[in-house]
Amino acid sequence: MSAPIVLVVEDESSIRDMLSFTLQTAGMTVQAAGNAEQGWQLALNETPDLVLLDWMLPGVPGVSLLSRLKSHEKLKQVPVIMLTARADETDQVQGFEMGADDYVTKPFSPRALLARIRALLRRFDDATLGESVVAGRMRLDTTSHRLTIDGDEVKLGPKEFRLLQFFMTHINRVFTRNQLLDEVWGDRVVVEDRTIDVHIRRLRRALEEHGCESYIQTIRGSGYRFSVTE
Ligand code: CA
């Protein structure tokens with residue numbers, strides 16, 4: 001992925017400089033604006049991957065720029081993090097209602113802010129790239145190696161992840177233990193048939209908490225099958 005472009009709209013030059021420095025050090029490209037109008041022009045011209053938007057701006061307030069961004073056909077999917085000087089819940093509620101994706105109160109630590117930025121970039125990246133496999137209530141992101149069920153993350157070991165990925169891309173087909181071993185472990189690795197059963201059990205246990213264990217079915221005398229049972 002090329003360097004993400006982050007648009008910073010902040011009137012206080014010391015904070016703007018600190019943000020620019022932090023983001024550039026983290027490998028991001030920064031576009032900086034000192035007011036809402038300038039920010040809007042940059043957003044239109046550059047289509048940033050994310051916007052850091054100060055609430056208190058001279059002239060047009062940050063929240064007006066937020067609503068302008070969120071009602072623009074091309075820019076509305078760009079994630080926006082609002083920055084504010086005080087932890088005012090009214091502001092926060094209003095910000096989220098207007099479509100802000102996250103909210104950070106000053107003073108903030110650059111590291112914490114970076115973590116929030118990265119999380120949002122990842123989320124939107126996955127959504128736009130669509131490198132994921134969906135089956136029933138389960139979604140497997142093959143780039144970030146995450147499984148979510150109804151949006152909740154489910155922790156899986158690497159073997160269970162590969163096993164599930166294979167199943168989810170081969171729905172409704174029955175595979176023998178040997179076939180699964182070849183597919184998931186590779187045919188040069190010598191493991192016992194029973195190894196598969198161990199990993200199937202672990203996988204089912206992880207899915208059980210979310211009521212999806214029945215997606216993985218034992219076919220007597222044959223092996224296993226993945227199928228959406230609801
Ligand atoms: Ca300000």
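Residues numbered from 1 in each chain as written. Predicted model: local features only at pLDDT ≥ 70, side-chain atom pairs only at ≥ 80, totals over all residues. Heavy atoms only, no water.

Draft legend 1. Just the coordination of the calcium ion, in detail. Within the protein, the atoms that donate to the calcium ion are Asp-11 (OD), Asp-54 (OD) and Met-56 (O), at distances of 2.1 to 2.3 Å. Each donor residue of the calcium ion lies on one chain, and together they are spaced D-x42-D-x1-M. Given the relative accessible area of 2%, Asp-54 is considered buried. (Donors = N, O, S within 2.8 Å, 3.2 Å for Na, K, Ca; no water. Buried < 20%, exposed > 50% of the residue type's maximum accessible area, 1.4 Å probe, protein only.)

Draft legend 2. Representation of the domain arrangement of the chain within the structure. We note that the domain assignment places domain 1 (5–127) and domain 2 (133–226) within the chain. Put simply, the middle of domain 1 and the middle of domain 2, counted by C-alpha atoms, are 40 Å apart. (Domains from an automatic or database assignment.)

Draft legend 3. Summary view of the side chain of Asp-197. You can see Asp-197 is positioned in helix 8 (residues 193–208). Here Tyr-224 takes part through its side chain, which lies 2.7 Å from a polar atom of the side chain of Asp-197. Non-local contacts of Asp-197, meaning those with residues more than four positions away in its chain, are made with Arg-177 and Tyr-224. (Helix = DSSP H or I, 4+ residues; strand = E, 2+ residues; numbered from the N terminus. Polar contact = N/O pair within 3.5 Å; in protein donor to acceptor, adjacent residues only side chain to side chain. Contact = heavy atoms within 4.5 Å.)

Draft legend 4. Structural view of the sheet that holds strand 10 (residues 174–175). Pairing is antiparallel across the open sheet formed by three strands, whose spatial order is 10-12-11. At either margin of the open sheet sits one strand with a lone partner, and together these are strand 10 and strand 11 (216–219). For strand 10 and strand 12 (residues 223–226), the ladder comprises two bridges, and the chain directions are antiparallel. Across the sheet, residue Phe-175 finds its bridge partner in strand 12, namely Tyr-224. (Pairing = 2+ DSSP bridges.)

Draft legend 5. Quick look at the nonpolar core. One finds Met-138 and Phe-226 to be the most contacted residues of the largest nonpolar core, which totals 28 residues. Among the secondary structure elements, those contributing two or more residues to this core are strand 6 (132–135), strand 7 (138–141), strand 8 (146–149), helix 6 (158–168), helix 7 (177–185), helix 8 and strand 12. Sorting elements by how many residues they give to this core places helix 6 first, with six residues. Other than its neighbours up to four places away in sequence, Phe-226 contacts Ala-135, Met-138, Leu-164, Phe-167, Met-168, Ile-171, Asn-172, Arg-173, Tyr-215 and Ile-216. (Core = buried A, V, L, I, M, F, W, Y, C linked by side-chain atoms within 4.5 Å.)

Draft legend 6. Representation of the packing of helix 2 (residues 36–46) against helix 3 (residues 62–70) in the model. The contact between helix 2 and helix 3 brings their axes to 10 Å, and the two run at 20°. What the angle tells us is that helix 2 and helix 3 run roughly parallel. Crossing geometry of helix 2 relative to helix 3 is assigned as right-handed. Facing helix 2, whose interface residues are Ala-36, Glu-37, Trp-40 and Ala-43, helix 3 presents Leu-65, Arg-68 and Leu-69. Grouping the constituent residues of the contact of helix 2 with helix 3 by class yields five nonpolar, no polar and two charged. (Axes fitted to C-alpha atoms, helices over the stretch in contact; angles between N-to-C directions. Parallel < 35°, antiparallel > 145°, perpendicular 65-115°, else oblique. Left-handed = near helix turned anticlockwise from the far one by under 90°. Nonpolar A, V, L, I, M, F, W, Y, C, P; charged D, E, K, R; others polar.)

Draft legend 7. Structural context of the side chain of Ser-227. Counting through the fold element by element, Ser-227 comes out in the segment after strand 12. Not counting chain neighbours up to four residues away, the residues in contact with Ser-227 comprise Ile-171, Asn-172, Ser-214, Tyr-215 and Gln-217.

Draft legend 8. Spotlight on helix 2. Turning to helix 2, its buried residues number three or more, namely Ala-36, Gly-39, Trp-40, Leu-42 and Ala-43. One face of helix 2 carries all of its buried residues, which in axial projection span an arc of 165°. For helix 2, the secondary structure elements touched by its buried residues are strand 1 (5–9), strand 2 (29–33) and helix 3. Capping the start of helix 2, Asn-35 holds a side-chain oxygen 3.2 Å from the backbone nitrogen of Glu-37, two or three residues further along. Directly beyond the C-terminal end of helix 2, a positive phi value near 40° is found at Thr-47. (Arc of directions from axis to C-beta.)

Draft legend 9. Inspection of the environment of Trp-55 at higher detail. Tracing the sequence through the fold places Trp-55 in the loop between strand 3 (50–54) and helix 3. The class for Trp-55 is buried, based on a relative accessible area of 8%. For Trp-55 and Val-174, which are 119 residues apart along the polypeptide, the C-alpha to C-alpha distance reads 56 Å. In this view, Trp-55 contacts Pro-61, Gly-62, Val-63, Met-82, Leu-83, Thr-84, Asp-91, Gln-94, Gly-95 and Tyr-103; residues no more than four positions away in its chain are not counted.

Draft legend 10. Examining the pairing of strand 2 more closely. Sheet topology note: the strand 1/strand 2 ladder contains five bridges and is parallel. Note that in strand 2 the partner of Leu-7 across the bridge is Gln-31. Between strand 1 and its parallel partner strand 2, the chain crosses via helix 1 (residues 13–25), and the hand of that crossover is right-handed. (Right-handed = clockwise from strand over helix to strand, strands pointing away.)

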